[in-house]
Amino acid sequence: MNAMERMIRSSIMFGACVAVAACTEYWAKPGGTPAEFEAAKAACQSQAYAQFRPVMQQVMVSPGYVTPLQTICNGGQYGTNCYTTGGQYLPPSFMMVDQNEAGRNSAARSCLFAAGWQPARNKADAEAISRSAP
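What you see as residue numbers is a count from 1 along each chain, following the sequence as written. The predicted origin of the model limits local features to residues at a pLDDT of at least 70 and limits the giving and counting of side-chain atom pairs to 80 or more, whereas totals for whole chains, interfaces and linings rest on all residues. The basis for every side-chain value is the complete set of non-hydrogen atoms in the structure, without hydrogens or water.

Peer 1: I'm lost on the overall build of the protein in this one. Help?
Peer 2: Along the backbone of the protein there are four helices and eight strands. Reading the secondary structure of the protein in the N-to-C direction produces α-β-α-β-β-β-β-β-β-α-β-α. Should any heavy atoms of two residues lie within 4.5 Å, those residues are considered in contact. Within the protein, contacts between residues at least 6 apart in sequence are counted, and of these 73% link residues at least 24 apart. Entry remark: accessible area of the protein is about 9,700 Å², with carbon and sulfur atoms responsible for 59%. To qualify as a helix, a DSSP run of H or I must reach at least 4 residues; to qualify as a strand, a run of E must reach at least 2; elements of each kind are numbered from the N terminus. Surface exposure here means Shrake-Rupley accessible area, sampled with a 1.4 Å probe, where a residue is shielded only by the protein chains that are shown.

See below:
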């Protein structure tokens, strides 16, 4: 694996980590318990998957390219040695993307809202909402 491929793969992994971290949310409902939330979330996700089944599509992450030619010469006492590197074709990179993921996530959120759950800014806010009277 060359430097360009490593850079592309690390960028994809970083993006995936950021996306997962951004999806971490706290939900609360007055009088709600963590067990009730997990049950509601499972039911909503199940309903959302039935409504928006995964539709996988292959997308190009980077196009193929030819590495540039580079000639390096080292001079010495008895002459100059030159060698050329590069000129290799690197094929395009692809990844699979679920085209229905956004719709599924939206449907699951709507379902949680309909069941009385609301997103909270942090864990402390979620606990305060849960402790309030229904």
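On we go from here.
Peer 1: I would appreciate a short explanation of the packing of helix α2 (residues 34–51) against helix α3 (residues 101–114) in the present structure.
Peer 2: Packed helix pairs are characterised by how far apart their axes lie and by the angle those axes make with each other. Each axis is a line fitted through C-alpha atoms, taken for helices only over the stretch in contact, and angles between the N-to-C directions span 0 to 180 degrees. In the contact formed by α2 and α3, the axes pass within 8 Å of each other and the chain directions differ by 140°. Accordingly, the angle class assigned to the pair α2 and α3 is oblique. For the pair α2 and α3, the crossing hand works out as right-handed. Counted together, F37, A40, K41, C44, Q45, Q47, A48, Y49 and Q51 of α2 and R104, A107, A108, C111 and L112 of α3 form the full contact between these two elements. In terms of residue class, the contact of α2 with α3 is built from nine nonpolar, three polar and two charged. Working rule for angles: under 35 degrees goes down as roughly parallel, over 145 as roughly antiparallel, 65 to 115 as roughly perpendicular, anything else as oblique. Here a crossing is called left-handed whenever its near helix is offset anticlockwise from the far helix by less than a right angle, and right-handed whenever the offset is clockwise. In this classification, the charged set is Asp, Glu, Lys and Arg, the nonpolar set is Ala, Val, Leu, Ile, Met, Phe, Trp, Tyr, Cys and Pro, and all remaining amino acids, among them Gly, are polar.

Peer 1: Would you mind showing me how to read the pairing of strand β5 (residues 79–85) here?
Peer 2: Across seven bridges, the pairing between strand β4 (residues 70–76) and β5 is antiparallel. When the bridges of β5 are listed, G76 appears paired with G79. Joining the antiparallel neighbours β4 and β5 is a turn of two residues. Whether two strands pair depends on DSSP finding at least two bridges between them.

Peer 1: Explain α2 here, please?
Peer 2: Think of an α-helix as turning once every 3.6 residues; residues three or four places apart then point the same way. Residue count minus one, scaled by 1.5 Å, sets the expected span of a helix. When the terminal C-alpha atoms of α2 are compared, their 25 Å separation across 18 residues agrees well with the 26 Å that a helix rising 1.5 Å per residue should span. Listed in full, the buried residues belonging to α2 are F37, A40, C44 and A48. Projection of α2 onto a plane perpendicular to its axis shows the buried side chains occupying an angular sector of 70°, all on one side. Where the residues of α2 are buried, they touch β1 (26–28) and α3. Burial status follows relative accessibility: with a 1.4 Å probe on protein chains alone, a residue under 20% of its type maximum counts as buried, one over 50% as exposed, and anything between as partly exposed. Note that the arc is computed from the directions linking the helix axis to the C-beta atoms.

Peer 1: Looking at this structure, how should I read the nonpolar core?
Peer 2: The tendency in soluble globular proteins is for nonpolar side chains to be buried side by side. Of all hydrophobic cores here, the largest spans seven residues; its members are W27, F37, A40, C44, C111, L112 and W117. Mapped by element, the contributors of at least two residues to this core are α2 and α3. Sort the elements by how many residues they give to this core and α2 lands first, with three residues. Here L112 is in contact with W27, F37, A40, K41, C44 and W117, once residues within four sequence places are set aside. For the purposes of this section, nonpolar cores are sets of buried Ala, Val, Leu, Ile, Met, Phe, Trp, Tyr and Cys residues that join through side-chain atoms within 4.5 Å.

Coordinates in, geometry out; function isn't part of it.
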